[in-house]
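# An overview of the molecular structure
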Amino acid sequence: MPIPPTTASSAGVTYGGQAVLEGVMMRGPSCWAVAVRRPDGAIEDVARDVTSPMKRHRIWRLPVIRGVIALGESLAIGFRALAISANVAAREEDEDGEVVTEISRGQIIFSFALAIGFALMLFKVGPALLTSWLPVEDTKWFVIVEGAIRVGVFIAYIGLIGLLPDLRRVFMYHGAEHKTINALEAGSELTPNACRSSA
């Protein structure tokens, strides 16, 4: 499940980003880029243009519609960045530098579908089923109890995945992405030291 992106505004331009596996994705109005640490320690970066339908047709810029389009774009870019980072992290090369192992598009789609299904079962269906088994008759109390179970499951989930070393690394990259946004908002130079010292 992707970590929600962060946004910041600098000189009237909005930037955002999110953590990925062993890296960070950053997005501006016209392009996005992802930088991922390879198993050998080198950094691999990929940049892509943002091709938004809102730039081509005025109807997509209408209120409500543009929000749905923007959400869809953000999700699509986030999943593409995660796919790139997963491919870089899983890639294996032979002695000549030729790629031997790479994750296929079908495997990536299957893993995302599995993750979305798991999230829906854990955070949506599970709490509703659990609440339906409790002796709660009133609709208002049903909603309150279901919401409390959902919050509890979410907090427990974050606490448990935080114990996994790979996920702790993702949280660290998420923190780095936030610090970069803070440095950008403060007008600091975007260097590792400046970002590290930003509040």
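Because the structure is predicted, anything quoted here is derived from the model rather than measured.

### Digging into helix H2 (residues 105-133)
For H2, spanning 29 residues, the distance from its first C-alpha to its last is 40 Å, which sits close to the expected 42 Å at 1.5 Å a residue. Its maximal kink placed at valine 125, H2 deviates by approximately 40°, while the proline proline 127 follows within four residues. For H2, the set of buried residues is Ile108, Ala119, Phe123, Pro127 and Thr131. Where H2 is buried, its residues contact helix H1 (65-90) and helix H3 (139-161).

### Brief notes about helix H4 (residues 165-186)
Helical geometry note: an α-helix holds 3.6 residues per turn, so side chains three or four residues apart project in the same direction. Look at H4: 32 Å from first C-alpha to last across 22 residues, which is about the 32 Å you get at 1.5 Å a residue. Every buried residue of H4 is listed here: Val170, Tyr173, His174, Glu177, Ile181, Ala183 and Leu184.

### A closer look at the side chain of threonine 131
With respect to the helices, strands and loops of the structure, threonine 131 is situated in helix H2. Residue contacts for threonine 131: discarding those within four places in its chain leaves Phe142, Val145, Glu146 and Ile149.

### Here's the deal with the nonpolar core
Counting residues in each nonpolar core, the largest one holds twelve residues, listed as Val20, Met25, Trp32, Val34, Val36, Val46, Val50, Ile77, Ala81, Leu82, Ile84 and Val88. Where this core is concerned, the elements lending two or more residues are strand S4 (31-37) and H1.

### Here we look at the pairing of strand S5 (residues 43-49)
Examined bridge by bridge, S4 and S5 share seven bridges and lie antiparallel to one another. Looking at S5, one finds that alanine 33 is bridged to alanine 47. Here S4 folds back onto S5, and the loop between the two strands holds five residues, one of which, glycine 41, carries a positive phi near 95°.

### A few points about unusual backbone geometry
Within the chain, glutamate 22 stands out as a residue other than glycine whose phi angle is a positive 55°. Structurally, the position occupied by glutamate 22 is in the loop between strand S2 (13-20) and strand S3 (23-27).

### Considerations on the packing of aromatic side chains
Within the structure shown, the criterion is met by three aromatic pairs. Among the aromatic residues, those joined into a cluster by ring pairs are Phe123, Phe154 and Tyr157.

### Here we look at the side chain of glutamate 73
Position of glutamate 73 among the secondary structure elements: in helix H1. The class for glutamate 73 is buried, based on a relative accessible area of 14%. Setting aside residues no more than four positions away along its own chain, glutamate 73 makes contact with Arg27, Ser52, Pro53 and Met54.

What counts as what
Residues numbered from 1 in each chain as written. Predicted model: local features only at pLDDT ≥ 70, side-chain atom pairs only at ≥ 80, totals over all residues. Heavy atoms only, no water. Helix = DSSP H or I, 4+ residues; strand = E, 2+ residues; numbered from the N terminus. Expected span 1.5 Å × (residues − 1). Bend = angle between axes of the 7 residues up to and from the residue. Buried < 20%, exposed > 50% of the residue type's maximum accessible area, 1.4 Å probe, protein only. Contact = heavy atoms within 4.5 Å. Core = buried A, V, L, I, M, F, W, Y, C linked by side-chain atoms within 4.5 Å. Pairing = 2+ DSSP bridges. Phe/Tyr/Trp six-rings, centres within 6.5 Å; stacked < 30°, edge-to-face > 60°.

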